[in-house]
Amino acid sequence: MVKYTLKRFIQAIPIFIGITLIVFVLSDAAPGSPVTMIAGQAGLSDAQVEALKIAYGLDKPVLVRYWFWLCDIFKGNLGISTSTGVGVSKIIGQRLGPSLILSLTSLVISVIVGVLLGILSAYKPYSFWDKLASALAFFGNAVPSFFMALLLIYIFSVKLKVLPASGMYGPGAKDLANLLQHLLLPAIIISLQSVGGYIKQTRGAMLECINEDYIKTARSKGIGEYRVMIHHALRNALIPIITQIGLSVPYLIGGAVVTEQIFGWPGIGSLMVNAVNSYDYNLIMGITVLISIVVLVSNIVLDLVYAALDPRISQEA
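To start, this report covers the structure provided alongside it. Keep in mind that what you see is a predicted model, and the values were worked out from it rather than measured.

### Some details on the nonpolar core
Leu-102, Ile-119, Met-206, Ala-233 and Trp-265 are the most contacted members of the largest nonpolar core, which totals 27 residues. When contributions to this core are tallied by element, the ones reaching two or more residues are helix 5 (88-123), helix 8 (176-210), helix 9 (213-220), helix 10 (225-236) and helix 11 (238-254). At nine residues, helix 8 tops the list of elements feeding residues into this core. Aside from chain neighbours lying at most four places away, what touches Trp-265 is Pro-98, Ser-99, Leu-102, Gly-167, Met-168, Leu-179, His-182, Leu-183, Pro-186, Glu-260 and Ser-270.

The structure is reproduced here in structure tokens:
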């Protein structure tokens, strides 16, 4: 297992370099730059603009700049934000906590609801629970998140006035109850986008397991239905469910851009939008590093879980 783990981490290094290189080149190719933005706001002369380009290192070829940036990254230096003058590591650190709170809450909600409804759907196909699960999965995938967010804000914040419409805390409040009130709506919106995948994966995997001979044998021995479904069927259906969890983690960290913008949640998604709008290359790359690491590590952890559930995987690799 140790050899397999080291191999997976070594394989992740060129993938990380490829992801960051593509984002770096695309950012450089986009129209505009931090220099042109600063020059437009401050009314700098051509000579001052050239001096600013040299100060930011933008006078060098893009691959040379990427090499210097990559060397700094491996030294633990993410650079300075050109829009705020604050260290990129500090800015991301301030936004990482709120993003983790929102993403982990959404993950827990979607996994619990999706897996439970998936089990009920498989246990009683074409029943009320199966139809409810199918409707929820279709609804979550079909309705745009921004529309659902605005609808819930209108119902619970504008009309009923029971939940806040934006922010992470209320004015002068930092307690857990206030946080939970602000967290509920955005967490539900993000959960709706992924709960359908858990329902489908759980239902399909459970139906496949239920028809296996070992399930029929367990029932013939008089084992209770609850134990058959949980201890036998669900245990053998875990791999596709774990796969779905691993695939949803990157989205939960960096993909909730629209939801964070609508609810004014101070997370990584809204920070990325601000970085792109201000042509803040260092901040864009810092967020790219974070999301890339999350994606790669989640995939490695996923592979290790596979290997733990089925030792043949690590032996074949």
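### What to know about unusual backbone geometry
Unusually for a residue other than glycine, Tyr-126 sits at a positive phi of about 65°. Inspection of the secondary structure assignment puts Tyr-126 in the loop between helix 5 and helix 6 (128-142). Taking relative accessible area as the criterion, Tyr-126 reaches 70% and is therefore assigned exposed. In this structure, Lys-161 is a non-glycine residue whose phi angle is positive, near 55°. As for its placement among the helices and strands, Lys-161 is situated in the loop between helix 7 (145-159) and helix 8. For Lys-161, a relative accessible area of 65% gives the class exposed.

### Side note on the packing of aromatic side chains
In total, this model carries four aromatic pairs according to the counting rule given. On the basis of an interplanar angle of 45° and a centroid distance of 6.1 Å, the ring pair of Phe-24 and Trp-69 is categorised as tilted. In this pair, Phe-24 is assigned in helix 1 (residues 2-29) and Trp-69 in helix 4 (residues 62-74), connecting sequence segments 45 residues apart. Comparing Phe-24 with Trp-69 shows no difference in burial state: the two are buried. Relative to Trp-129, the ring of Phe-128 has its centre 5.5 Å away and its plane inclined at 70°; by these criteria the two rings are edge-to-face. A residue is classified by how much of its surface remains accessible, and Trp-129, at 38% relative accessible area, is partly exposed. Through successive ring pairs, a cluster of aromatic residues spans Phe-24, Tyr-66 and Trp-69.

Procedures and definitions
Residues numbered from 1 in each chain as written. Predicted model: local features only at pLDDT ≥ 70, side-chain atom pairs only at ≥ 80, totals over all residues. Heavy atoms only, no water. Core = buried A, V, L, I, M, F, W, Y, C linked by side-chain atoms within 4.5 Å. Buried < 20%, exposed > 50% of the residue type's maximum accessible area, 1.4 Å probe, protein only. Helix = DSSP H or I, 4+ residues; strand = E, 2+ residues; numbered from the N terminus. Contact = heavy atoms within 4.5 Å. Phe/Tyr/Trp six-rings, centres within 6.5 Å; stacked < 30°, edge-to-face > 60°.

In short, the description is geometric, and any link to function would need to be established separately.
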